[in-house]
Amino acid sequence: MKKNLFYLFALICSMSLFTACSDDDEPWKDLPKGELVSDKTEIELNGEATDGQVSFTAISSEAAQVGLKNVIDGYSDVQVDVVMEAQADGSFAFSGRKELVTKPVTRVDATPAPFLVVELNGTIAKTGAATLNIKTSGLGLSLGTYAAETLVLTYNGTVQNGKTVVVDATAGDNASFLLQGVVPGEDEAILENIAYSNDTFQGTAETGLYTIKVSGKRENKVLSLNLTATLKEALQGGLAGTWKLSTDIAYYDDDTWESVMLPTSAVHFVWSALDDSQMNGQQLANLGTLFGSHILGEVLSDITLEADGNLTAAYYSGINTSMMRDGTTGEWVETQKYLEESGMGDYYDETTMWMMTKLGSYSVDIYPRDWQRSPKDLVYWYVRDGYFYVIPNVARIIEQALADKGENIDVTPILEIIRSLETATDEQLMQMVGMLGQLLPGVDLSAIDVKTVRVILGWLKTGVPLKYTAENGVLNLYIDKEMARPFMDIVISFLPMLQQEFDKLAAENPMMGFVTKLLGIQKFEDLGTIWKNNTDEFTLGINFKTENSEKAARNAMHVGGMNNLQQTFDTLLRKFDKTQVGNE
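All residue numbers refer to position in the chain's written sequence, counted from 1. Selection of residues for local features in this predicted model requires a pLDDT of at least 70, selection of side-chain atom pairs for listing and counting requires 80 or more, and totals for whole chains, interfaces and linings are taken over all residues. Each side-chain value is derived from all of the structure's non-hydrogen atoms; neither hydrogens nor water enter the calculation.

Engineer: Help me out: how do you make sense of the sheet that holds strand 14 (residues 174-180) in this one?
Structural biologist: Paired through their backbone hydrogen bonds, the strands of a sheet run either parallel or antiparallel. At least two DSSP bridges between two strands are needed for those strands to be called paired. Helix and strand definitions here come from DSSP, where helices need a minimum of 4 consecutive H or I residues and strands a minimum of 2 consecutive E residues; each element is numbered from the N-terminal end. Strand order across the open sheet formed by nine strands is 10-13-14-15-16-17-18-11-12, with mixed pairing between neighbours. Of all strands in the sheet, those with a lone pairing partner are strand 10 (144-147) and strand 12 (158-160), marking the two edges. Averaged over neighbouring strand pairs, the angle between their axes works out to 25 degrees when direction is ignored. Here, axes are lines fitted to C-alpha atoms. For helices the fit covers the stretch in contact, and angles between N-to-C directions go from 0 to 180 degrees.

In structure tokens form, the structure reads like this:
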């Protein structure tokens, strides 16, 4: 019996010995399991220290699983299988790689996703002390919404502020970009199938209006994106290039002894009557064509329609009345000196003399000057379905206007106001119109309806539509009666206030009292009556020519009223002379 007890005791000792030896031979079983203590764990993500929850589960002496919770942006829980290797100090080194095919949850509308690659290595000790080095790569890191300080965007070389770009993807090697308020004429534009590799984007995509080349990179959570756009050829309409303002206005027909307006005049204004015997707008149209052409010629030399959609202009900041043509020599002379030497300085100033000389000039003739070229990104253009669209970049225009004055402001609030108008209800828009009416006493804004307001707001996105023709080297941009109708109703609402202000000026300057006679009306409100009751054709446009265009053909539109305009102006000046002499 004692012998049996001895053998049993020996067996138990042997088993304990073997068990102890086994534990010593398998130190991986002593590694911590589950969530690691944070103050003992060092985590480095893409070379920078970070935090989060790390769990560790050893499976064997050569394999384990590492869990990362809230360590990688957009991925709340990532499990990585790793291989382990025992170290001389009793710790274990591990490394592993995990490819993810789920999109990070960094957007409100998380949809099927691209991939992310997670690589890690580190060490862990029996005490629970651990270090992890994690490296992530892949398109998944770049998906999300970028704006303000997270977006550096250039469009055709111009930095864009206040824009939003949303990066999305359906595969790990290409992305799509939703551009909000970036592409002129398109409130939202999507660029698809932009190749992604090594944290960079490269590719070309088409929108409704443009072909856009894309290059960019996301770094430190900031998306840098360069867009180079070219207007689609069909939407250029063969118009890309420089167009000089026409210098045509009219010519004198020696056979009929009549002045003949050319249809290619710089400003082309037609307001024909249903009944010529009644008060009509023809004389105003003649005056508008004549002086409009001369005035426009003083401030505009040409426009350039760029293939990238930009519309730039050669312009001058004002009308130069200080120089005039000597009617005898044809040379340029100082207006003031001419007035003094001719004895006319007692009755006329430079502005009146400028008007007199232009009245007898049948082509745009300006004193030489240095023209300025407007910056890009202020105005864009394209043609579609018979219309020429002009897109004003309101924010940039305001920025440039203030910059010219040495001022600088953030235009983001302005953009927000415009967006709020776009989303306003009909009632809210009409309330705003009502508030505007309160600021303009004597102005009836009841003619402004919600539809008109929304049309104008829509133009800020898609562009202001103009009709156009391009024939024989002449580009004519114009509006007709139907296009002008809703806005003429608004203009008419301002006529009573205009009349009040005009009466004040006429009381101070007798010459002003002759203006309505020059226009062929008795008072400004008459224009409203003419528009509603005696308007046949109404056209207002501008003509440009190419450098090599032929001189305007003389198949012109005869306007007998041009002679009447001259006679009226001469008569008024004579009356003004007598008034001035009588006052002396």
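Engineer: Help me out: how do you make sense of the environment of Val 159 in this one?
Structural biologist: With respect to the helices and strands, the residue Val 159 is situated in strand 12. Sequence separation between Val 159 and Asn 226 is 67 residues; the distance between their C-alpha atoms is 9.1 Å. In this analysis, two residues are considered to be in contact whenever any of their non-hydrogen atoms come within 4.5 Å of each other. With near-sequence residues (within four places) excluded, Val 159 lies in contact with Leu 153 and Thr 154.

Engineer: How should the pairing of strand 2 (residues 41-45) be read in this particular structure?
Structural biologist: Side-chain direction in a regular strand flips from residue to residue, so the side chains alternate between the two faces of the sheet. We call a residue buried when its accessible area falls under 20% of the maximum for its residue type, exposed when it is over 50%, and partly exposed in between, using a 1.4 Å probe and counting protein chains only. Burial along strand 2 is one-sided: the residues Thr 41, Ile 43 and Leu 45 are buried and none of Glu 42 and Glu 44 is. Relative to strand 3 (residues 48-50), strand 2 is paired through three bridges, and the arrangement is antiparallel. From the neighbouring strand, Leu 45 faces strand 3, where its bridge partner is Glu 48. In this antiparallel pair of consecutive strands, strand 2 and strand 3, the connection spans two residues, and Asn 46 shows a positive phi of 50 degrees.

Engineer: Explain the sheet that holds strand 5 (residues 63-72) to me, please; I cannot follow it from the model alone.
Structural biologist: Pairing is mixed in the open sheet, where nine strands are placed in the order 1-4-5-6-7-8-9-2-3. On the outer flanks of this sheet lie strand 1 (34-35) and strand 3, each paired with one strand and no other. Two elements, strand 2 and strand 9 (residues 130-137), share five bridges in a ladder whose sense is parallel. What sits directly across from Glu 42, in strand 9, is Thr 131.

Engineer: Teacher, can you tell me more about the nonpolar core here?
Structural biologist: Buried together is how nonpolar side chains tend to be arranged in soluble globular proteins. The definition of a nonpolar core used throughout is a set of buried Ala, Val, Leu, Ile, Met, Phe, Trp, Tyr and Cys residues joined through side-chain atoms within 4.5 Å. Membership of the largest hydrophobic core comes to 79 residues, with the highest contact counts inside it found for Val 165, Phe 177, Leu 191, Tyr 210, Leu 227, Trp 271 and Leu 305. Examining the composition of this core, we find that six residues originate from one element, helix 3 (residues 282-299), more than from any other. If we skip the residues at most four places from it in the chain, Leu 191 touches Ala 175, Ser 176, Phe 177, Leu 179, Ala 205, Thr 207, Ile 212, Val 214 and Leu 227. The next biggest cluster of nonpolar side chains, apart from the first, holds 28 residues, and it includes Ile 43, Leu 68, Ile 72 and Val 80.

Engineer: How do you make sense of the pattern of salt bridges when you look at a structure like this?
Structural biologist: In a structure, side chains of opposite charge can pair up when their charged atoms sit close to one another. Criterion for a salt bridge: a side-chain nitrogen of Lys or Arg within 4 Å of a carboxyl oxygen of Asp or Glu. Throughout the structure, instances matching the rule amount to 20 salt bridges. One salt bridge connects Lys 376 with Asp 308, and the closest N-O pair in it is separated by 3.5 Å. With Lys 376 in the loop between strand 27 (372-373) and strand 28 (379-384) and Asp 308 in the loop between strand 23 (300-305) and strand 24 (311-315), this residue pair connects regions lying 68 residues apart in the sequence. Judged by its relative accessible area of 14%, Asp 308 is buried. What you see here is one network of salt bridges that share partners, running through Arg 97, Glu 99 and Glu 119.

Engineer: How should helix 9 (residues 450-462) be read in this particular structure?
Structural biologist: An α-helix turns once every 3.6 residues. As a result, residues three or four positions apart point the same way. Between its first and last C-alpha, helix 9 extends 18 Å over 13 residues, near the 18 Å set by a 1.5 Å rise per residue. Turning to helix 9, its buried residues number three or more, namely Val 450, Thr 452, Val 453 and Leu 457. Positioned one or two residues after helix 9, Gly 463 has a phi angle of 105 degrees, which is positive. The span you would expect from a helix comes to 1.5 Å times its residue count less one.

Engineer: Where do I start with helix 13 (residues 526-533) in this structure?
Structural biologist: Among all positions in helix 13, only Asp 526, Leu 527, Gly 528, Ile 530 and Trp 531 are buried. Structurally, helix 13 contributes buried residues whose contacts are with strand 22 (267-271), helix 3, helix 10 (481-493), helix 11 (495-508) and strand 32 (538-545).

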